[in-house]
Amino acid sequence: MNRELLTQGAEGRVFTTSWLGQSVIVKQRFPKTYRHPDLDAQITRERIKAEARALVRCRSFGIRTPAVYDVDFTTNEIVLEEINDSVTIRNFIYDAVNKLQSMNSPVFMNLAEKIGKTLAKLHANNIIHGDLTTSNMLLVPPYDTSDIILIDFGLSSVDERPEDKAVDLYVLERAVLSTHPNTELFVQQLLSVYKTAGGKVAAEVINRLDEVRMRGRKKLCFG
Ligand SMILES: Nc1ncnc2c1ncn2[C@@H]1O[C@H](COP(=O)(O)OP(=O)(O)OP(=O)(O)O)[C@@H](O)[C@H]1O
Ligand SMILES: [Mg+2]
């Protein structure tokens, strides 16, 4: 089947193609030559397993993710449902900002609220995403009212510790603030909804987030 390259990252490539008559996404991980081949094969395998497991786990808790159609450990590929007409939240924000939408407008406050609720549910079920960015969240038409669809779980884990959940949120906070200008209120709204939606556990995570931020700042200052 013909494959069309969608993205090429440091870890692998993402293609669109068709598979048993369906439009699918193939994520292929390739070897890292600087690693020992045995270790590399093991890490690649773990990433693929983590990704497939988390995608299925999310669906079982009612969190939207692409369906997993196939996992192949000889080619290091995973075949996923293609989410038709989807846009990444990153591009959704860029487009809306280009159309002169202020980051503090209701469209974005609603979006922040939806992300906050989705992540509260993810963490309530002890799923740590590991790479939360606006490129790893999709929207489908009608974009303004779409559910959040989470993707790219290669660095995910299952963990109940508030620390790991706080680091997950910290990664997202840094990613949003550095990718999208004027998003302080957006992040604030996202975290406040996360805290309300996630109850006692989420409150602990938000407390812990302060410590994680402080460590992050020290690291920036002292290397
Ligand atoms: N199931 C899907 N449906 C539609 N588009 C997708 C899907 N999965 C991925 N994409 C698109 O491909 C891009 C890259 O996918 P993904 O984030 O999974 O890979 P990656 O960032 O290269 O992964 P990794 O960090 O694990 O190497 C996404 O940002 C999105 O635009
Ligand atoms: Mg990604």
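Everything numeric here is computed off the predicted structure, so don't read it as measured data. (Residues numbered from 1 in each chain as written. Chains lettered and ligands numbered in written order. Predicted model: local features only at pLDDT ≥ 70, side-chain atom pairs only at ≥ 80, totals over all residues. Heavy atoms only, no water.)

1. Comments concerning the coordination of the magnesium ion (ligand 2)
- Coordination of the magnesium ion (ligand 2) by the protein comes from N136 (OD1) and D152 (OD), over a distance range of 2.1 to 2.2 Å. On the criterion of sequence distance, the pair formed by N136 in the loop between β7 (127-128) and β8 (137-139) and D152 in the loop between β9 (149-150) and β10 (157-158) is long-range, its members being 16 residues apart. (Donors = N, O, S within 2.8 Å, 3.2 Å for Na, K, Ca; no water. Helix = DSSP H or I, 4+ residues; strand = E, 2+ residues; numbered from the N terminus.)

2. Details of the site of ligand 1
- Around ligand 1 sit 17 residues, and of these K27, E81, I83, N136 and D152 come closest.
- Within the side chain of K27, one N or O atom sits 2.8 Å away from an oxygen atom of ligand 1.
- For ligand 1, the accessible surface in isolation is 620 Å², of which the surrounding protein chains cover 82%.
- Secondary-structure elements contributing two or more residues to the shell around ligand 1 are β1 (4-8) and β3 (22-29).
- Looking at which element gives the most residues to the shell around ligand 1, the answer is β3, with 3 residues.
- Its residues assigned to classes, the shell around ligand 1 comprises 6 nonpolar, 5 polar and 6 charged. (Near = heavy atom within 4 Å. Polar contact = N/O pair within 3.5 Å; in protein donor to acceptor, adjacent residues only side chain to side chain. Areas by Shrake-Rupley, 256 points an atom, 1.4 Å probe, with all protein chains shown as cover. Nonpolar A, V, L, I, M, F, W, Y, C, P; charged D, E, K, R; others polar.)

3. Details of the nonpolar core
- If you look at the biggest cluster of nonpolar residues, it comprises 44 residues, and the most contacted ones within it are L111, I115, L119 and F186.
- Secondary-structure elements contributing two or more residues to this core are α1 (37-60), β5 (77-81), α2 (89-98), α3 (106-124), β8, α4 (162-179) and α5 (184-222).
- Counting residues per element, this core draws most heavily on α5, at 10 residues.
- Two domains share this core, each providing at least three of its residues, namely domain 1 (4-81) and domain 2 (87-222).
- In this structure I115 touches I89, M137, I148, L172, F186 and L190, once residues within four positions along its chain are discounted.
- One finds L138, V140, I149 and I151 within the second-largest nonpolar core, a separate group that totals 5 residues. (Core = buried A, V, L, I, M, F, W, Y, C linked by side-chain atoms within 4.5 Å. Buried < 20%, exposed > 50% of the residue type's maximum accessible area, 1.4 Å probe, protein only. Domains from an automatic or database assignment. Contact = heavy atoms within 4.5 Å.)

4. Considering the sheet that holds β8
- Taken in spatial order, the 3 strands line up as β6-β8-β9 in an open sheet, and their pairing is antiparallel. Looking at the sheet topology across the chains shown, the edges are occupied by β6 (87-88) and β9. (Pairing = 2+ DSSP bridges.)

5. Side note on unusual backbone geometry
- The omega torsion of the bond from P141 to P142 falls at -15°, within 30 degrees of zero and hence cis.
- Inspection of the secondary structure assignment puts P142 in the loop between β8 and β9.
- The backbone of N182 sits at a positive phi, close to 60°, despite the residue not being glycine.
- Looking at the element boundaries, N182 is found in the loop between α4 and α5.
- The class for N182 is exposed, based on a relative accessible area of 57%.

6. Here's the deal with the domain arrangement of the protein chain
- Structurally, the protein chain comprises domain 1 (4-81) and domain 2 (87-222).
- Using only C-alpha atoms to locate each centre, domain 1 and domain 2 end up separated by 23 Å.
- If you look at the interface, domain 1 gives 15 residues, while domain 2 gives 17 residues.
- Buried surface at the junction of domain 1 and domain 2, both sides included, amounts to about 1300 Å², of which 63% is carbon and sulfur.
- Inspection of the domain 1/domain 2 interface yields 2 salt bridges.
- Across the salt bridge formed by K27 and D152, the nearest N and O atoms sit 2.9 Å from each other. (Buried area = accessible area lost by both parts, 1.4 Å probe. Salt bridge = Lys/Arg side-chain N within 4 Å of Asp/Glu carboxyl O.)

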